[in-house]
Amino acid sequence: MAKPSIDLSLYLVTGRELLPPNKDYYESLEEALQGGVTVVQVREKTADTGEFLDIASKTSSICAKYGVPLIINDRVDIALAVNAAGVHIGQSDMPVSVTRRLLPSDCIIGKSVSDVEEAKVALEEGVDYVGIGAIWATTSKKLVRPVVGVRGVGEILEVFLGSDIKTVGIGGLKSTTVLRTLHGATTPCGTRTLDGVAVVSDIVASPNPRGSAELLSKLIRAFYSRPSPNFAFPFSAAHQSYTEDDIKSRAAGLLKTLKAIKPLVHQITNTVVATQSANITLALGASPIMATAPQEMEDLSKIPGALLVNIGTIANKDGMLVAGRHANLNRKPIVFDPVGVGATSFRRAAADELLNSWQATVIKGNAAEIGTLAKTAEVQSKGVDSVGSGFSDPVAIVKALARKERCVVVMTGPQDYISDGHTTIRLSNGDPMLADITGSGCIVGTVVASFCGISSISAQKRLSAQRAAGQTDTDHKAGLLVDGNMLIASVAGVLAITVASELAVERPEVRGTGTFLPALIDAIYGLTPEDVASRAKVEIIR
Ligand SMILES: Cc1ncc(COP(=O)(O)OP(=O)(O)O)c(N)n1
Ligand SMILES: Cc1ncsc1CCOP(=O)(O)O
């Protein structure tokens, strides 16, 4: 018998022990169903068989009222008794082959997996779906394995490429983490994302389960309705086609808008370059705030603009973690500058933790930094510097990292490579003296963040205007982590510094690096959209 196709997009796993005081389980369940839950799993870890059966049977009647399928956790006998749509089993439960034999042929079997090996076994066993997790930390279950992390899900999903086994994520999924999870938990080729999210506490522990489910459902539907469903890009610009002239004029246009609007650029950066970065931001025409305390991140994230996270002298990791989470929640672009990430294992672990906690919009680094994140040893680092002549195939490196991390990657060097995983652009501006002043890479990060900020603000304004004009096809925008074209913003940021460096060295007063730095700030201050458009050396590589 053919199995029913189940909508796993908002999968409620029950947890009576988490109900708020005085909230009845059945009342909470019914409200959650009204809020848009698409499948329910009864999970009872301490109930005896009689109680479990009673709960499953009543839950089944309520689910039937809403046309929502019921899955039973662990217990094949209970599933059979209440004629459930399926069973969910864990790694140490009854084997899939036995479960399959006991259940009717149209019954769904779901299995928990936490790594690639378990996923391969589940694929072999031919389960109908897998629950991947725990993705985030959770207090709803005592975990015996380390969390998978959002970035660990992609490699598990790769196992299921080409199969029709569905996938849901579980563990710490809430309205505050769901979009970041769906965007990040994607195969590098972009063709597979999770088919849904399984949620316990965000719904069950809520005094308003209907509201909680509605919010989750709205975000999930917006994510799945994005225009480029084959490439779950966290912002709106995926799959655009460009010409070189178009890129130059759009970069120049962004500079004009930036100077007019002066976006706020929140920078958590290193102590070596903080003053220099703030001055460069001001010279460009944007507005810097160099705030590091975790307590102020939520307020700052509500002001439109962008966030820069630079780990050059990492001492404020807590602030970075909190700032990034709030930035994702408020759809603010995040530029991540993994300064010296290859130099110490501490920095590598910090970069990993940060990238697991929030979705970066742009990662900017030199060849050694990008190589470290891409897990290749072709280019070595010496402290914060990159050694040697770079990658034999820089385009492949930036493209692969952009796909893996689902963001724009900017790799600076004698030529700069910028990729969103589809389009890769090479820029050939810049004076070699840039490499001889400290923090030139850091100021590229600052300026890229300024342009990402203005791009995001402009996109928000366009969206408000479209909504005011009654345009209705904008709902999918609620599923984006950032709106705006971050590839063009990154190009504009790199060009602003590199073109300004060429203008700076032409100044008669420049005799070395000591006179170059103030001349560079002056050149940025005086930089015009025409300078950018006329001097930019832009090539679309592929
Ligand atoms: C959808 C979904 N995914 C994973 C689990 C976890 O199941 P398991 O590993 O069997 O752990 P317990 O739920 O039995 O504690 C799940 N229940 N649902
Ligand atoms: C049952 C289970 N399996 C892995 S994590 C988890 C609990 C998820 O609960 P929450 O949604 O409250 O984090």
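Residues numbered from 1 in each chain as written. Chains lettered and ligands numbered in written order. Predicted model: local features only at pLDDT ≥ 70, side-chain atom pairs only at ≥ 80, totals over all residues.

Going by the annotation in an unreviewed UniProt entry, the name recorded for the protein chain is Thiamine phosphate synthase/TenI domain-containing protein, with Botryobasidium botryosum given as the source organism. Regarding the protein chain, the UniProt comment filed under Cofactor (unreviewed entry) reads as follows: "Mg(2+)". Per UniProt, the protein chain has the following entry under Function (unreviewed entry): "Condenses 4-methyl-5-(beta-hydroxyethyl)thiazole monophosphate (THZ-P) and 2-methyl-4-amino-5-hydroxymethyl pyrimidine pyrophosphate (HMP-PP) to form thiamine monophosphate (TMP)." (UniProt positions renumbered as here; feature names shortened; annotations may be inferred.)

Asks: Explain helix 18 (residues 486-505) to me, and be specific about the residues and the numbers.
Replies: When the terminal C-alpha atoms of helix 18 are compared, their 29 Å separation across 20 residues agrees well with the 28 Å that a helix rising 1.5 Å per residue should span. Counted residue by residue, helix 18 has 17 buried out of 20 residues, so it is predominantly covered. (Helix = DSSP H or I, 4+ residues; strand = E, 2+ residues; numbered from the N terminus. Expected span 1.5 Å × (residues − 1). Buried ≥ 20, exposed ≤ 12 C-beta atoms within 10 Å, placed from the backbone.)

Asks: Mind laying out the packing of helix 1 (residues 25-34) against helix 9 (residues 209-224), listing which residues take part and the relevant values?
Replies: A packed helix pair is summarised by two numbers, namely the angle formed by the two axes and the spacing between the axes. Following both chains from N to C, one finds helix 1 and helix 9 inclined at 30°, their axes separated by 7 Å at the closest point. In terms of orientation, helix 1 and helix 9 fall into the roughly parallel class. Of the two possible hands of crossing, helix 1 and helix 9 adopt the one that is right-handed. Where helix 1 abuts helix 9, its residues Ser28, Glu31, Ala32 and Gln34 lie against Pro209, Arg210 and Ala213. Taken together, the residues that form the contact of helix 1 with helix 9 break down as three nonpolar, two polar and two charged. (Axes fitted to C-alpha atoms, helices over the stretch in contact; angles between N-to-C directions. Parallel < 35°, antiparallel > 145°, perpendicular 65-115°, else oblique. Left-handed = near helix turned anticlockwise from the far one by under 90°. Contact = placed C-beta atoms within 7 Å. Nonpolar A, V, L, I, M, F, W, Y, C, P; charged D, E, K, R; others polar.)

Asks: Please set out the sheet that holds strand 4 (residues 86-89) residue by residue, giving values where relevant.
Replies: In any sheet, the strands associate via hydrogen bonds between backbone groups, in a parallel or an antiparallel arrangement. What the eight strands build is a closed barrel, ordered 1-2-3-4-5-6-7-8; its pairing is parallel. Adjacent strand axes in the sheet meet at a mean angle of 25° when their direction is disregarded. Pairing geometry for strand 5 (residues 108-113) and strand 6 (residues 129-133), over four bridges, is parallel. Among the inter-strand pairings, glycine 110 is bridged to a residue of strand 6, identified as tyrosine 129. Across the sheet, helix 5 (residues 116-125) lies against strand 5 and strand 6, angled at about 165° from strand 5, the strand it touches most. Helix 9 contacts strand 1 (10-13) and strand 8 (196-199) of the sheet and is inclined by roughly 145° relative to strand 1. (Pairing = 2+ DSSP bridges.)

Asks: Got a sec to walk through the site of ligand 2? Specific residues and values, please.
Replies: Lining the immediate environment of ligand 2, one finds 13 residues, of which Thr138, Ser140, Gly171, Val200 and Ser201 sit closest. Partitioning the shell around ligand 2 into residue classes produces six nonpolar, six polar and one charged. (Near = placed C-beta within 6 Å.)

Asks: Explain the sheet that holds strand 16 (residues 408-412) to me, using residue names and the numbers behind them.
Replies: Within the open sheet, the nine strands sit side by side as 10-9-11-12-13-16-17-18-19. Their pairing is mixed. Edge strands, defined here as strands with exactly one partner in the open sheet, are strand 10 (287-289) and strand 19 (538-540). Neighbouring strand axes in the sheet, compared pairwise and without regard to direction, differ in orientation by 20° on average. Here strand 13 (residues 362-366) pairs with strand 16 via five bridges, running parallel. Considered in strand 16, the bridge of asparagine 366 is made with threonine 412. The sheet strands contacting helix 11 (residues 274-284) are strand 9 (264-268) and strand 10, and the helix crosses strand 10 at an angle near 155°. The sheet strands contacting helix 17 (residues 440-468) are strand 9, strand 11 (305-310), strand 12 (334-337), strand 13 and strand 16, and the helix crosses strand 11 at an angle near 155°.

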